[in-house]
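Listed here are the chains, written in short residue letters.
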Amino acid sequence: MILEEALKDGGGLSPHDAALALLAFLSSELPAGGIAAEKRLVALFPLIVDRALGEWNKPPSSPGGSPSPSPSPNGSTFSPVRNGEGDEQRQSHLHEVGGWLSMPNAPISPQRNVGSQQRNPSVSRSIDQDPIVRLLRAPKPNDFQSTSLIEILVSESIANHRPAIRFRFPIGALNAFPPLVDDWKTFFASELERENVKMKSSRGGFGSFPNPATDVKTRSTGKENASRLLHLIQVKPSQQSELINHYKTLQPTGSRQLGAQRFASPPRANMSMPASGNTAHEPCLTLSMLEEFLILFLRFPMANGGLYWKEQRREMYRTRTSRAANTPYGQRVYSYLFSTYVQYFVKHGITYQNETIDVGVDCFDRAVTIDEKELGGNDSNCSGELFLRLVIEFWLEGLNKALTTNQSIQRFRNVRSSSSSNVAQPTMSDALELSKPLEYPSTPPPQPLQSSIISLVRHLISDPSLRNLIEKASGLVQTRQVKEREGVSVGNSEMAWCLTPALTAMQPSLLNYIRQGLSCGPIHDRSSSFYTALDTWLAYLEPWNYKRSQGSGSSMGNISSRLRNVAASKSNHPVERRPVLVAPKSSAPSTYSSNWEAYVCANAHFYTVPLAIFLKRARELDFTNQGNKMEYKRSFVLVQRVLRVYSRKIVSTINVLLNKRADVLSTALFAKHCTNLLEFCPPLTWKLSDCQVCATNLLEEVYSQHQKRKDAMDLFDRLEEKLESVFSGIGSNEDVALGKVLDQVRSIVNLPLDYRVMPDQQSRRHSNGSRLLRLFGLGNQDI
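Every residue gets a number counted from 1 within its own chain, in the order that chain's sequence is written. Where totals are concerned, whole chains, interfaces and linings use all residues; where local detail is concerned, this predicted model gives features only for residues with pLDDT of at least 70, and gives and counts side-chain atom pairs only at 80 or more. The basis for every side-chain value is the complete set of non-hydrogen atoms in the structure, without hydrogens or water.

Novice: Give me the overall build of the protein chain: which residues, what numbers.
Specialist: Check the secondary structure of the protein chain and you find 34 helices and six strands. Whether a residue is buried, partly exposed or exposed follows from its accessible area with a 1.4 Å probe, protein chains only, as a fraction of its type maximum: under 20%, in between, or over 50%, in that order. Residue burial in the protein chain is summarised as follows: out of 783 residues, 52% are buried. Any pair of residues with heavy atoms lying within 4.5 Å of one another is described as a contacting pair. Considering only intrachain contacts with a sequence separation of at least 6, the fraction spanning at least 24 residues in the protein chain is 78%. Here the protein chain has roughly 36100 Å² of accessible surface; of this, 52% comes from carbon and sulfur atoms. The secondary structure listing takes helices from DSSP runs of H or I that are at least 4 residues long and strands from runs of E that are at least 2 residues long, numbered from the N terminus. The protein chains shown are the only cover counted for residues, whose accessible areas, like all others here, come from Shrake-Rupley with a 1.4 Å probe.

Novice: Quick rundown of the packing of aromatic side chains? Include the residues and the values.
Specialist: Aromatic pairing here means that ring centres of Phe, Tyr or Trp (its six-membered ring) are within 6.5 Å. Orientation follows from the plane angle: under 30 degrees is stacked, over 60 is edge-to-face, and everything else is tilted. Taken as a whole, this structure holds 21 aromatic pairs when the rule is applied. Ring geometry for Phe293 against Phe297: centres 6.1 Å apart, planes inclined by 20°, an arrangement best described as stacked. Of this pair, Phe293 and Phe297 both sit in helix α11 (residues 289–299), four residues apart, which is roughly one turn of that helix. For the pair formed by Phe293 and Phe297, the shared burial category is buried. Here a set of aromatic residues connected by ring pairs shows up, and it is made of Phe293, Phe297, Phe300, Tyr334, Phe338, Tyr341, Tyr344, Phe345, Phe387 and Trp395.

Novice: Pulling in residues and values, what's your account of the confidence of the model for the protein chain?
Specialist: pLDDT expresses how confident the predictor is about each individual residue, on a scale running from 0 to 100. Of all residues in the protein chain, 69% have pLDDT values of 70 or greater, and the mean over the chain is 76. Segment residues 59–68: pLDDT under 50, and 22 contacts once partners within four positions in sequence are set aside and those in other chains are kept. Low confidence marks residues 70–90, where pLDDT is under 50. Its contacts with residues over four positions away, or in another chain, come to 80 contacts.

Novice: Just give me the short version of the side chain of Ser408, but keep the residues and values in it.
Specialist: You can see Ser408 is positioned in helix α18 (residues 405–417). Using a relative accessible area of 4% as the deciding quantity, one classes Ser408 as buried. In this structure, Ser408 is in contact with Leu403 and Leu434, ignoring residues within four places of it in sequence.

Novice: Which residues make up the nonpolar core, and what values do they have?
Specialist: Core analysis: the biggest nonpolar cluster contains 189 residues, and Phe293, Leu298, Tyr341, Phe387, Trp537, Tyr599 and Tyr646 have the highest contact counts within it. It is helix α3 (residues 34–53) that provides the largest number of residues to this core, a total of 10 residues. Ignoring anything within four residues of it in the chain, the contact list for Trp537 reads Ile514, Leu518, Phe606, Pro610, Leu611, Phe614, Val642 and Tyr646. By nonpolar core we mean a set of buried residues, namely Ala, Val, Leu, Ile, Met, Phe, Trp, Tyr and Cys, connected to one another through side-chain atoms within 4.5 Å.

Novice: Just give me the short version of the packing of helix α26 (residues 604–617) against helix α29 (residues 664–676), but keep the residues and values in it.
Specialist: For any two helices packed against each other, one specifies the crossing angle of their axes together with the interaxial distance. With their axes 9 Å apart at the nearest point, α26 and α29 run at an angle of 60° to one another. Here Ala604, His605 and Phe606 of α26 come into contact with α29, specifically with Phe670, His673 and Cys674. Fitted lines through C-alpha atoms give the axes, limited to the stretch in contact for helices. The angle between two N-to-C directions lies from 0 to 180 degrees.

Novice: Give a description of the pattern of salt bridges that names residues and reports values.
Specialist: Each reported salt bridge corresponds to a side-chain nitrogen of Lys or Arg within 4 Å of a carboxyl oxygen of Asp or Glu. Evaluation of the coordinates by the stated rule reveals 23 salt bridges. We note a salt bridge from Asp358 to Arg366, for which the minimum N-O separation is 2.8 Å. By relative accessible area, which is 40% here, Arg366 ends up partly exposed. Across the pair Asp358 and Lys672 runs a salt bridge, and its minimum N-O distance is 3.2 Å. On the criterion of sequence distance, the pair formed by Asp358 in the loop between α15 (329–345) and α16 (363–366) and Lys672 in helix α29 is long-range, its members being 314 residues apart. Per residue, the accessibility class of Asp358 equals that of Lys672, and both read buried. Here the residues in one salt-bridge network are Arg228, Asp365, Glu385 and Arg389, joined through shared partners.

Novice: I'd love a proper account of the environment of Ser455, names of residues and values included.
Specialist: Here Ser455 is to be found in helix α20 (residues 447–461). Taking the C-alpha atoms as reference, Ser455 lies 7.8 Å from Ser339; in sequence the two are 116 residues apart.

Novice: Can you break down the pairing of strand β3 (residues 167–170) residue by residue, with the values?
Specialist: Across the two faces of β3 the burial is the same, with Phe167 and Phe169 and Arg168 and Pro170 all buried. If DSSP finds at least two bridges between two strands, the strands pair. Of the pairings in the sheet, the one linking β3 to strand β4 (residues 284–287) comprises four bridges and is antiparallel in character. Note that in β4 the partner of Phe169 across the bridge is Leu285.

Novice: Got a sec to walk through α3? Specific residues and values, please.
Specialist: Helix length check: α3 (20 residues) gives 28 Å between terminal C-alpha atoms against 28 Å at 1.5 Å per residue, within 8%. Looking at the residues trailing α3, positive phi occurs at Gly54, about 100°. Take the residue count of a helix, subtract one, and multiply by 1.5 Å to get its expected span.

Novice: Summarise unusual backbone geometry; cite the residues concerned and give the values.
Specialist: Backbone geometry at Leu678 places phi at a positive 55°, although glycine is not the residue there. Unusually for a residue other than glycine, Asn750 sits at a positive phi of about 60°. When you line up the elements, Asn750 lands in the loop between α32 (734–749) and α33 (759–762).

Novice: For the packing of α26 against helix α28 (residues 648–658), give the residues involved together with the corresponding values.
Specialist: Two elements in contact, α26 and α28, have axes separated by 10 Å at closest approach and are oriented at 95°. The orientation of α26 with respect to α28, classified from their angle, is roughly perpendicular. Where α26 abuts α28, its residues Ala604, Tyr607 and Thr608 lie against Ile650, Ile654, Leu657 and Leu658. For this classification, Asp, Glu, Lys and Arg are treated as charged, while Ala, Val, Leu, Ile, Met, Phe, Trp, Tyr, Cys and Pro are nonpolar and the rest, including Gly, are polar. When grouped by side-chain class, the residues that make up the contact of α26 with α28 number six nonpolar, one polar and no charged. Small angles under 35 degrees read as roughly parallel and large ones over 145 as roughly antiparallel, with 65 to 115 read as roughly perpendicular and the rest as oblique.

Novice: Please give an account of α29 that cites residues and values.
Specialist: For α29, spanning 13 residues, the distance from its first C-alpha to its last is 18 Å, which sits close to the expected 18 Å at 1.5 Å a residue. Of the residues making up α29, those classed as buried are Leu665, Ser666, Ala668, Leu669, Phe670, Lys672, His673, Cys674 and Asn676. Along its buried surface, α29 packs onto α21 (464–485), α22 (501–520), α25 (597–602), α26 and α28. The definition of a polar contact used here is a pair of N or O atoms within 3.5 Å, where within protein one atom must be able to donate a hydrogen and the other to accept one, and adjacent residues in sequence count solely through side-chain atom pairs. Where α29 begins, one side-chain oxygen reaches toward the backbone nitrogen of Leu665, 3.1 Å away; that side chain belongs to Asp663. Count one or two residues on from α29 and you reach Leu678, which has phi positive near 55°.

Novice: How would you explain the environment of Arg389 if you had to name every residue and give the values?
Specialist: Residue placement: Arg389 occurs in helix α17 (residues 378–397). The class for Arg389 is buried, based on a relative accessible area of 3%. Separated by 116 residues in the primary sequence, Arg389 and Ala505 have C-alpha atoms spaced 7.8 Å apart. The residues touching Arg389, leaving out its near neighbours within four places in the chain, are Asn225, Arg228, Leu229, Leu232, Val361, Cys363, Phe364 and Ala505.

Novice: Let's hear about the environment of Ala668: which residues, and what values?
Specialist: Following the sequence through the fold, Ala668 ends up in helix α29. Relative accessible area serves as the criterion here: at 18%, Ala668 is assigned to the buried category. Sequence separation of Ala668 and Ala602 is 66 residues, and the distance between their C-alpha atoms is 9.2 Å. Not counting residues up to four positions away in its chain, the partners in contact with Ala668 are Ser493 and Met495.

Laid out in structure tokens, this is it:
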């Protein structure tokens with residue numbers, strides 16, 4: 001029991017030595033120890049969580065530590081609720097300072113190479129070899145040397161050998177996510193009301209809750225993702241006795257109060273056993289070890305009392321070149337662990353039967369795989385869906401309550417009606433006003449999580465399975481277009497969905513996340529949510545920037561990848577093919593091809609609504625070139641990065657869809673996309689041409705500031721600019737670049753061909769000196 005005591009007291013063993021001791025237990029003692037070792041694992045689990053994340057905060061009168069699970073009256077094994085709660089709900093259930101993932105500096109083991117590390121602190125081994133990372137990371141493929149905690153928890157979850165081992169998670173710990181708690185309240189309240197109606201006509205008894213994945217009728221049970229989460233937990237909603245008893249006692253107060261109340265947080269001493277209907281107790285979810293770990297891990301950045309992540313965010317942005325060195329140790333470990341979980345729970349290369357892919361909350365259940373490795377893997381797939389939906393709920397949606405389209409339009413009309421008696425229907429140019437959440441300003445996730453969301457999106461769109469589905473669907477669409485142009489009659493109008501289940505499940509929340517980031521993030525703070533939402537959006541728009549590769553380049557990572565491929569090609573293992581991102585320059589044309597037409601059809605609103613928001617907000621960018629010489633170029637490059645995505649082929653595909661002139665199969669994909677967005681689908685009457693005023697206002701702002709700067713330049717400034725464009729190519733010929741931007745905007749919003757930006761300014765008379773400068777190519781050019 002030395003290990004248990006060391007973990008419980010937080011002393012005796014350094015973090016690395018404690019992690020190494022736990023690794024030895026998981027790899028050696030647990031596989032050969034039988035029931036005694038399994039009981040020890042159950043006792044160690046809450047101690048591991050407390051050491052990794054930090055203990056939950058508690059009032060002084062509460063006992064310390066996390067007790068081991070205790071048997072409940074019905075024979076199941078429950079853990080008491082974790083350490084006590086404070087008076088204010090927002091300050092309760094926070095992880096105290098001291099957890100491994102909140103440490104600012106890497107721990108130094110007192111038993112290993114202390115002298116060498118002290119002599120040269122900058123020398124550190126790879127983070128992959130860190131004992132804490134080895135303990136908590138997801139298992140590596142073909143790695144049989146060590147066993148991680150996640151591997152044990154997943155195997156327990158899939159096999160479900162011990163269904164009686166359950167842990168109690170207080171709902172009050174989710175008060176930091178009001179939308180999720182409110183949706184669960186709505187779900188239980190509606191089901192209790194349904195049961196009350198049943199009991200009047202038949203015998204009582206709490207029946208099974210309808211699964212949102214299989215319930216055909218649309219019900220007012222809260223957000224689908226939140227309801228789906230309840231059914232992904234192994235202990236189903238109909239068996240969550242504490243929640244049922246709690247809501248039964250609250251039901252007479254009325255559904256309106258149910259939606260507004262927050263759970264109280266009583267002292268910890270009252271929570272050692274299930275509530276059994278006592279309203280003085282805080283209700284708890286009954287979870288498996290894997291479910292509790294994933295919930296605690298993904299909520300940790302929002303419940304971290306250490307504040308290291310928040311304090312160093314701006315400093316890290318200012319010193320971008322040394323960001324890795326300045327990033328706190330705990331944050332680096334957390335980001336790395338999350339990346340391993342993404343690769344493990346959301347796997348690449350799964351082959352699906354096309355006819356089983358569809359939209360909706362049940363997209364994971366419907367999808368049938370034909371990969372031999374995935375046959376019979378429904379429970380594993382359930383763990384992956386649980387992980388992804390927790391990320392969606394905690395990170396993408398978080399604290400913000402997104403308004404439905406109807407609610408946004410109603411708010412728009414209420415605001416406009418107060419200033420005008422004639423309120424028109426909102427158009428796409430009003431997308432900025434319609435995208436703001438219920439409570440403004442919005443609360444984005446912490447900056448490190450925004451970067452992890454970008455990594456998750458890149459992981460999803462670089463999946464080879466997505467490319468295969470898209471190419472197959474695009475081929476069918478183009479074949480159908482040819483036949484319709486030739487007048488050939490084709491009866492079949494059905495079209496299978498072409499996005500992976502993970503991308504399908506994420507689509508509605510991701511659109512809201514991007515819209516809210518672009519509409520609410522400060523535009524003059526380059527570390528704000530505006531820029532991370534912009535990067536996320538641009539990455540999602542161009543999955544074709546990921547190319548199939550077996551590893552190339554000169555970096556050590558690529559060299560090791562090629563060596564693994566060579567070794568694999570001479571063995572029975574398949575050759576590793578990793579998608580490689582070919583990042584385009586801001587002035588480079590889009591590499592879109594017709595092979596990705598189905599992707600544009602299945603994500604059309606991602607190409608329209610965020611663009612409308614950007615065109616209106618881009619006027620806030622600094623094009624004045626005052627104070628900072630590079631600010632104009634930075635702002636202009638940002639506009640170029642967005643507009644370069646919209647090639648004429650993409651704009652044509654979008655306009656054909658919005659104008660209802662697309663072929664049957666493209667229309668079917670677009671209709672499924674709208675269905676998948678549910679109540680957040682924008683009005684189908686919106687057109688890109690609605691944004692003409694916003695686009696021309698942006699062009700006039702850019703051009704006027706550019707012209708002012710040109711007029712203020714003397715002969716030497718012009719000569720310097722000309723030489724710079726000739727020899728370096730950096731910022732070459734801004735007039736030509738402006739002309740290119742004008743052509744792109746003209747194509748996107750359908751401006752007249754004879755449109756000129758500020759023509760009155762271009763018709764001014766030039767002096768003799770200006771004519772002389774133009775002879776040498778140094779003067780102003782008309783745009």
